[in-house]
Protein chains: 2
Amino acid sequence: MLIELTPGATNTLTDVEGLRVGHHQRTGEGYLTGTTVVLCPPEGALAGVDVRGGGPGTRETDLLDPSNLVDRVHAVTLSGGSAFGLAAADGAMRWLFERGRGFDVHGTGEGHVVPIVPAAVIFDLGRGGRWGATPGQEFGALACADAEAASTAQQLGCLGAGTGAQVAGGLKGGIGAASAVLPDGTVIAALMVLNAVGSTVDPRTGELYGARHLLPGDLDDIPGLARGATLRPPAADEVARSRELALDAGADGRPRTLATTIGVVATDVALSTTQCRRLAMSGHDGMARAVVPVHTMYDGDTIFGLSTARRGPADPLTFHLLQHAAGEVVTRALVRATLAAASVTTPAGSWRSYPDAFPSALALA
Amino acid sequence: MLIELTPGATNTLTDVEGLRVGHHQRTGEGYLTGTTVVLCPPEGALAGVDVRGGGPGTRETDLLDPSNLVDRVHAVTLSGGSAFGLAAADGAMRWLFERGRGFDVHGTGEGHVVPIVPAAVIFDLGRGGRWGATPGQEFGALACADAEAASTAQQLGCLGAGTGAQVAGGLKGGIGAASAVLPDGTVIAALMVLNAVGSTVDPRTGELYGARHLLPGDLDDIPGLARGATLRPPAADEVARSRELALDAGADGRPRTLATTIGVVATDVALSTTQCRRLAMSGHDGMARAVVPVHTMYDGDTIFGLSTARRGPADPLTFHLLQHAAGEVVTRALVRATLAAASVTTPAGSWRSYPDAFPSALALA
């Protein structure tokens, strides 16, 4: 495909009109975790999901089966805390309910709504030093409030659900986002929480698997990167020195941690819930291009597909381009997450950022 | 992952002990199509499937649901001819029945078997010049006979189900295979029929998306390639001249053909049918790394996972390595298919091989 894709205005999920993103995180005192909320417009967004990892932690995904009643969701929560972190969705539900937002249970009374909040979690237990230091209900409510306050919240780096994220056991993970505008103006974007058993770095060369898929401008707004930075193969001695950080497995092949990469792919064009699911499926192809191996039994990799239906409906050609672009925005979001992460040390360990581990990979043009 | 994977003895599917591969194809008089059969041992192979494309053509895939009765298959047919090509499985069934191979319907009498032959097809209609020139039952029977006669049949190039295969509308596709041996001796291998809406070639650079995943030795046995050839980025003027061939879409983004990439991932370690399905899922990740875009609505991308259960069962660590290796063998098989294809011209059109279209990509070391 050589259809021109260009990043949207902010190159984040909120380029999709109607969506807002907010975070709440806690570090220190045993914590290194958080919650990210994707807040939909009051009328909700059409939604689908594709769960591809072998160890998922989710809620409200059966509801998203296209054959079921409800077709719109009011928020999606992405959290650390493994299955404990599903509690964040409770807080998001309560926050939405208090504002009258939710599935209207017709005719039974004013405010009789049930907010629909699918959720997925990543495994980050114990990374801050204390196993039980996980996001609770208040994380979901506070992340909703943050989303409401800031429609273009930061979506790159170690915040929200990406606070405790890691890659391959040794590198720091985090949140990444990217957007693309199709030639007809349709917008598609992804917000990903990169936390993988596999690696985004080819341990043989130190290069990022997904770098080939970047668009011009994708490196311009990465926190901590010099303006005008470009990617190149890192120096061989540096690769030898830092290779261990990019290896997802010990010498016996055993994964060094549980993990899970989760996220949202969204568009402003009107889709059926089945098409939303297809977008999520294509998003997993983008994940496969950025993370190797991926979708293992120790990852709960899950992607939600959303449509705000501000344009459309999507004709078959637009949908074809959207499928392609869904993969591309996910790959780009994961590359950007790798580059935006910041090194961290806690009582439980140290995780280096890719720019710290492979500094010579970042050249100034 | 830096676990040492090495190609097996033949670097094809038949490195998995107990499997045989055979082909039957027809070219000329309007034909450019064929059938490939993966013949299992008489007792069958454990099997699962993952259908990921939006336009699949399959049979006996519901049977492969792990909750269903039958867990072993006796052959898999891969065919050209779109849904017409499913007929090849009839011929394979008859061939197996005549030899007493199949699911034994207990106690009802000698030879009362039902051969279990899942099948998938690619879209290649009309490529030889005549729409209706598709594989019939005899293709399945003849491919079975070929498999029985030659346990290490050729598995690279334009033969069997790959005869009429193409890539991105302009490049020639075909069949490719690759195998890997894990440190403990477990073997895993893939046989893929590369016929994609998307491209295996990055149209911006002319490079093969999946080349990064090749193992030493993967280029040594490719028909038509000089011994010692290595891959490098092709010359810019060549890329400009041949880019059109690697573009999966016209200027409006519309796919230039229907397609579908199908194949088999197999191992000699004992797996449950659920694990066979997981191997097929991981195979699709390998497909995503070699073909962009992939799993579109105009591809019926399908992978079968087989276990001959000559070793094992797989412990969790072995299965983790197998998932990783399943993606890798599929990517490598698709790269090798791209390199092994031969240019062809029929009354319906011309398709160039990658080595013909991008000759400077192949350097002599």
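The model shown is predicted, which means the values in this text are computed figures rather than measured ones. (Residues numbered from 1 in each chain as written. Chains lettered and ligands numbered in written order. Predicted model: local features only at pLDDT ≥ 70, side-chain atom pairs only at ≥ 80, totals over all residues. Heavy atoms only, no water.)

S.K.: Give a detailed account of the overall build of chain A, specifying residues and quantitative values.
M.R.: Each helix and strand counted, chain A has six helices and 19 strands in total. Over its C-alpha trace chain A gives a radius of gyration of 19 Å, about what one expects of a compact globule, namely 21 Å for 365 residues. Seen along its three principal axes, the alpha-carbon backbone of chain A occupies a region of about 70 × 50 × 35 Å. The 365 residues of chain A split such that 64% are buried. Considering only contacts in chain A between residues 6 or more positions apart, those separated by 24 or more positions represent 80%. (Helix = DSSP H or I, 4+ residues; strand = E, 2+ residues; numbered from the N terminus. Rg over C-alpha atoms; globule rule 2.2 N^0.38 Å. Buried < 20%, exposed > 50% of the residue type's maximum accessible area, 1.4 Å probe, protein only. Contact = heavy atoms within 4.5 Å.)

S.K.: Break down the relation of the copies chain A and chain B for me, with residues and values.
M.R.: Related by rotation about an axis and a shift along that axis, the two copies of the chain form a pair. Overlaying chain A on chain B yields an RMSD of 0.0 Å, the required transformation being a rotation through 180° with an accompanying axial translation of 0.0 Å. The superposition of one copy onto the other is thereby described by a two-fold rotation axis. For chain A, the minimum C-alpha distance to the rotation axis belongs to arginine 289 of chain A and amounts to 2.6 Å. Taken as a fraction of all interface residues of chain A, those also at the interface in chain B reach 100%, which identifies the copy contact as same-surface. (Least-squares fit on C-alpha atoms with pLDDT ≥ 70 in both.)

S.K.: For the sheet that holds strand E16 (residues 302-311) of chain A, give the residues involved together with the corresponding values.
M.R.: Residues and elements named next belong to chain A. Read across the open sheet, the six strands follow the order E5-E3-E16-E15-E13-E12; overall the sheet is mixed. The sheet terminates laterally at strand E5 (72-73) and strand E12 (174-181), the two strands that pair on one side only. As defined by bridge partners, E12 adjoins strand E13 (residues 187-194) across eight bridges and the pair is classed as antiparallel. Opposite serine 179, over in E13, you have alanine 189 as the bridge partner. Lying on the sheet, helix H4 (residues 273-290) is in contact with strand E3 (45-51), E13, strand E15 (262-269) and E16; it crosses E3 at an angle near 45°. (Pairing = 2+ DSSP bridges. Axes fitted to C-alpha atoms, helices over the stretch in contact; angles between N-to-C directions.)

S.K.: Explain the layout of surface pockets to me, using residue names and the numbers behind them.
M.R.: Quantified by volume, the largest pocket comes out at close to 700 Å³. A per-class count over the lining of the largest pocket returns 19 nonpolar, three polar and 10 charged. In this model, the second largest pocket occupies a volume close to 370 Å³. Forming the boundary of the second largest pocket are 19 residues, of which Val49, Asp50, Val51 and Arg277 of chain A together with Arg277 of chain B lie nearest the centre. Listed by contribution, the elements that provide at least two residues to the lining of the second largest pocket are E3 and H4 of chain A together with strand E3 (45-51) and helix H4 (273-290) of chain B. (1 Å grid on protein atoms, 1.4 Å probe; cavity = no way out; pocket = protein on both sides within 12 Å on 5 of 7 lines; lining within 4 Å. Points joined across faces, edges and corners; volume = space filled by probe spheres on them. Nonpolar A, V, L, I, M, F, W, Y, C, P; charged D, E, K, R; others polar.)

S.K.: With reference to specific residues and values, describe the interface of chain A and chain B.
M.R.: Counting residues at the interface gives 48 residues for chain A, matched by 49 residues for chain B. Here chain A packs against chain B, burying approximately 4000 Å² in sum over the two surfaces, 52% of which is carbon and sulfur. On the surface where chain A and chain B come into contact, there are six salt bridges. Its salt-bridge partner being aspartate 202 of chain A, residue arginine 212 of chain B comes within 2.9 Å of it at the nearest N-O pair. Where chain A meets chain B, there are 22 residue pairs in polar contact (both at pLDDT 80 or more). Looking at the side of chain A that touches chain B, the element that brings in the most residues is helix H5 (residues 316-340) of chain A, giving eight residues. Of the residues assigned to the side of chain A that touches chain B, the class counts are 22 nonpolar, 12 polar and 14 charged. (Buried area = accessible area lost by both parts, 1.4 Å probe. Salt bridge = Lys/Arg side-chain N within 4 Å of Asp/Glu carboxyl O. Polar contact = N/O pair within 3.5 Å; in protein donor to acceptor, adjacent residues only side chain to side chain.)

S.K.: Any details on the packing of H4 of chain A against H4 of chain B? Residues and values, ideally.
M.R.: Following both chains from N to C, one finds H4 of chain A and H4 of chain B inclined at 80°, their axes separated by 8 Å at the closest point. One finds that H4 of chain A runs roughly perpendicular with respect to H4 of chain B. Across the interface between the two elements, Asp285, Ala288 and Arg289 of chain A from H4 of chain A touch Asp285, Ala288 and Arg289 of chain B from H4 of chain B. The residue makeup of the contact of H4 of chain A with H4 of chain B, split by class, is two nonpolar, no polar and four charged. (Parallel < 35°, antiparallel > 145°, perpendicular 65-115°, else oblique.)

S.K.: Outline the sheet that holds strand E1 (residues 20-28) of chain B, listing residues and values.
M.R.: Residues and elements named next belong to chain B. Read across the open sheet, the five strands follow the order E1-E2-E6-E9-E4; overall the sheet is mixed. Of all strands in the sheet, those with a lone pairing partner are E1 and strand E4 (58-59), marking the two edges. Sheet topology note: the strand E2 (residues 31-39)/strand E6 (residues 75-79) ladder contains five bridges and is antiparallel. Note that in E6 the partner of leucine 39 across the bridge is alanine 75. Where helix H1 (residues 87-98) meets the sheet, it contacts E2, E4, E6 and strand E9 (119-121), and its direction lies at approximately 150° from that of E6. Packing of helix H2 (residues 137-149) onto the sheet brings it into contact with E1 and E2, and relative to E1 it is tilted by some 130°.

S.K.: Break down helix H1 (residues 87-98) of chain A for me, with residues and values.
M.R.: Residues and elements named next belong to chain A. The end-to-end C-alpha separation of H1 is 17 Å, in line with the 16 Å expected for 12 residues at 1.5 Å each. Those residues of H1 that sit buried are Ala88, Ala89, Gly91, Ala92, Trp95 and Leu96. Taken end-on, H1 shows its buried residues confined to a sector of 155°, consistent with a single buried face. H1 presents Arg94 and Glu98 as exposed residues on the side facing more than 90 degrees away from its buried surface. Where H1 is buried, its residues contact strand E2 (31-39), strand E4 (58-59), strand E6 (75-79), strand E9 (119-121) and helix H2 (137-149). (Expected span 1.5 Å × (residues − 1). Arc of directions from axis to C-beta.)

S.K.: Residue-level account of the environment of arginine 289 of chain B, with values.
M.R.: Here arginine 289 of chain B lies in helix H4. Accessibility expressed as a relative area gives 7% for arginine 289 of chain B, which makes it buried. Ignoring sequence-local partners within four residues, the contact set of arginine 289 of chain B consists of Ala288, Arg289, Val291, Val292, Pro293 and Val294 of chain A together with Tyr209, Gly210, His213, Gly327, Glu328 and Thr331 of chain B.

S.K.: Explain the packing of H1 of chain A against H2 of chain A to me, and be specific about the residues and the numbers.
M.R.: Residue and element names in this part refer to chain A. Where H1 meets H2, the closest approach of the two axes is 6 Å, and the angle between their N-to-C directions is 50°. Comparing their axes, H2 and H1 come out oblique. Handedness of the crossing formed by H1 with H2: right-handed. Of the residues in H2, those in contact with Ala87, Ala88, Asp90, Gly91, Ala92 and Trp95 of H1 are Gln137, Gly140, Ala141, Cys144, Ala145 and Glu148. Taken together, the residues of the contact of H1 with H2 sort by class into seven nonpolar, three polar and two charged. (Left-handed = near helix turned anticlockwise from the far one by under 90°.)

S.K.: Describe unusual backbone geometry, listing the residues and the values that go with them.
M.R.: Residue and element names in this part refer to chain A. In this structure, the amide linkage connecting valine 292 to the following residue, proline 293, adopts the cis form with an omega of -10°. For proline 293, the position within the fold is in the loop between H4 and E16. For the bond running from glycine 312 to proline 313, omega is 10°, close enough to zero to count as cis. On the secondary structure map, proline 313 appears in the loop between E16 and H5. Phi at serine 82 takes a positive value of approximately 50°, unusual for a residue other than glycine.

S.K.: An account of the nonpolar core is needed here, citing residue identities and associated values.
M.R.: Judged by nonpolar contacts, the single largest core of 114 residues is most densely connected at Ile188 and Leu339 of chain A together with Ile188 and Leu339 of chain B. Ignoring anything within four residues of it in the chain, the contact list for leucine 339 of chain A reads Leu208, Leu219, Ile222, Pro223, Leu225, Leu231, Tyr354, Pro355 and Leu362 of chain A. (Core = buried A, V, L, I, M, F, W, Y, C linked by side-chain atoms within 4.5 Å.)

S.K.: Describe H2 of chain A, listing the residues and the values that go with them.
M.R.: All names here are of chain A. With 13 residues, H2 should reach 18 Å at 1.5 Å per residue; the first-to-last C-alpha distance of 19 Å fits that figure. For H2, every residue scored as buried is listed here: Phe139, Gly140, Ala143, Cys144 and Ala147. The buried residues of H2 occupy one face: seen down the axis, they fall within an arc of 135°. Buried residues in H2 make contact with strand E1 (20-28), E2 and H1.

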